[in-house]
Every structure is written in structure tokens, then in C-alpha cells.
Amino acid sequence: MSNLHVSEHPLVKHKLTLLRDKKTDHVKFRQLVRELSLLLCYEATRDLRLTDTSVETPMGIARGSHVTHEIGLVPILRAGLGMVEGLWELIPSAEVWHIGLYRDEKTLQPVQYYNKLPPEVRVHLCLILDPMLATGGSAVAAADILKKWGAPLIKYVGLIGAPEGVKALSEAHPEIDIHLAAVDERLNEIGYIVPGLGDAGDRQFGTT
Ligand code: PRP
Ligand code: URA
């Protein structure tokens, strides 16, 4: 799948292994989510638009570049929240707009309960942030919302995907690049990714 990018970075693999470990407590879990998000964001933003500029160093004039893409971060509540801190380390000026979606436990369909998009579109790139791409229902719904709003370019940054979720998002929105740390084996009968990491929201917020 040409729009799927699974990181091969050794630090990503190392930190993801720690994240999956059921013995990892929620303080360490949050730190790892932040670090992994930063590393994946680095890869997801490698094609940002630049303009040429120059800068005066103590020794002379150097040619330089400015990023001209305006970026909006769209964390999906709750679990996407923990990814924002990592991305802000790289892009401190990025605006953040929250979308609240939860999965109905029986149907696994996403239910929207919050939307904080501004009235006018003022960015070039929206990054959807959500650690788990399970059935893909939440990611497809978030992309639907952003497209309806007028987002010109959307990318998805997550941590673990199931093959089912990757397929669903790619088929519904083939132009959206999907950046993940891993694609796992499958979904289980209650829609959890196996082996995955369990419930990403509960593990971040200590609500198990
Ligand atoms: C989790 C996760 C995704 C969704 C993925 O959220 O953060 O948003 O499930 O599943 P899907 O691909 O099948 O839609 P959850 O519904 O558990 O809500 P929470 O983040 O508030 O815990
Ligand atoms: N949401 C999670 O938090 N974990 C999964 O495995 C699937 C959906």
C-alpha cells in the first residue's frame, strides 16, 4: 500500500516494545507515547514546504530555509491527546483542534461527541493523531469531518494499526498518508488489536 509508512527506525522499534509491555506504568507509558509521536512526526513531515531565506551568523551570511506550511494538529479524544506534546516539541507553533470520538462497545462504530475546529480553514496540513487504528472507523470519521470542513491536506499519525484499519482508511481516503510504528496481526472479537498494547486511553490516563 503506497500510502502506508511503517517506521523502520531502531528507536521507534525499541520504544514501541517498551510501550507494549503490560508492566509499563502510565507515567512511563505517557512519556513513550510522547517520544514515539515526536519520532513519527519527524518522518511524517519530511515533505513540508520550504522557502529560501538568509541568516546572519557571527561569521557572515548563510543561506537558510523557513517552513511555510501552516500545520494543525487534530488529536482524537481521548487517546490522541498524549501525542500532542511530542509534536509540539517539533512544531511548537502548531494549532491544536480536538475531535471527540468514542467507539460504541457493541457496534464498534465511532460516535462523535466533540468538535473544536475553527470556522475557517487556516492551515495547509492537518495531522490526525490517534495511537490506535483498529477497525479504522474513528480515523475514517475524523478524516470525513476534516474534509467536509475543507482541510486541503491530511495525514494520519498513529502508533499501531491492524490490517483491517489500514485497509479501511486507505480505501475510504486513498490520498491520506498513514504513518505508524507497527502494523500488527489482527483484531480480536471485541475489536482490540492483537498483540497491540491494550487500551491506549486507559493506559495513558491510568483509568484501567
Ligand atoms: C480508541 C482509539 C481510537 C479508536 C480506534 O478510542 O484511541 O480512537 O479506539 O478504534 P477504531 O479504529 O476501531 O475506531 P476509544 O474509543 O477507546 O476512546 P478513548 O480514546 O476515549 O478511550
Ligand atoms: N482502541 C485501543 O485503545 N486499543 C485497541 O487495541 C483498539 C482500539
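Residues numbered from 1 in each chain as written. Chains lettered and ligands numbered in written order. Predicted model: local features only at pLDDT ≥ 70, side-chain atom pairs only at ≥ 80, totals over all residues. Heavy atoms only, no water.

Q: Please provide a residue-by-residue account of the site of ligand 1, values included.
A: Neighbouring ligand 1 are 13 residues; Arg 103, Asp 130, Thr 135, Gly 136 and Ser 138 lie closest to it. In the environment of ligand 1, an oxygen atom lies 3.0 Å from a nitrogen or oxygen atom belonging to the side chain of Arg 78. Here Ser 138 contributes a side-chain N or O atom positioned 2.6 Å from an oxygen atom of ligand 1. Here ligand 1, which alone exposes 500 Å², has 90% of that area covered by the protein. The set of elements that each furnish at least two residues to the shell around ligand 1 consists of strand E6 (99–103), strand E9 (132–133) and helix H4 (137–149). (Near = heavy atom within 4 Å. Polar contact = N/O pair within 3.5 Å; in protein donor to acceptor, adjacent residues only side chain to side chain. Areas by Shrake-Rupley, 256 points an atom, 1.4 Å probe, with all protein chains shown as cover. Helix = DSSP H or I, 4+ residues; strand = E, 2+ residues; numbered from the N terminus.)

Q: Got a sec to walk through the pairing of E6? Specific residues and values, please.
A: Bridging between strand E4 (residues 71–77) and E6 involves two bridges; their strand directions are parallel. Considered in E6, the bridge of Leu 77 is made with Gly 100. Pairing between E6 and strand E7 (residues 110–115): five bridges, direction antiparallel. Note on E7: the bridge partner recorded for Arg 103 is Pro 110. Here E6 folds back onto E7, and the loop between the two strands holds six residues, one of which, Leu 108, carries a positive phi near 65 degrees. (Pairing = 2+ DSSP bridges.)

Q: Could you give me a rundown of the packing of helix H1 (residues 10–20) against helix H2 (residues 26–44), with the residues and numbers involved?
A: Any two packed helices are characterised by how steeply their axes cross, that is the angle between the axes, and by the distance between the axes. Relative to each other, H1 and H2 sit at 155 degrees, their axes nearing to 10 Å. It follows from the interaxial angle that H1 and H2 lie roughly antiparallel. In this structure, the crossing between H1 and H2 has a hand that is left-handed. In this structure, H1 uses Leu 11, Val 12, Lys 15, Leu 16, Leu 18 and Leu 19 to contact H2, whose residues at the interface are Phe 29, Leu 32, Val 33, Glu 35, Leu 36 and Leu 39. Residue classes in the contact of H1 with H2 are distributed as ten nonpolar, no polar and two charged. (Axes fitted to C-alpha atoms, helices over the stretch in contact; angles between N-to-C directions. Parallel < 35°, antiparallel > 145°, perpendicular 65-115°, else oblique. Left-handed = near helix turned anticlockwise from the far one by under 90°. Contact = heavy atoms within 4.5 Å. Nonpolar A, V, L, I, M, F, W, Y, C, P; charged D, E, K, R; others polar.)

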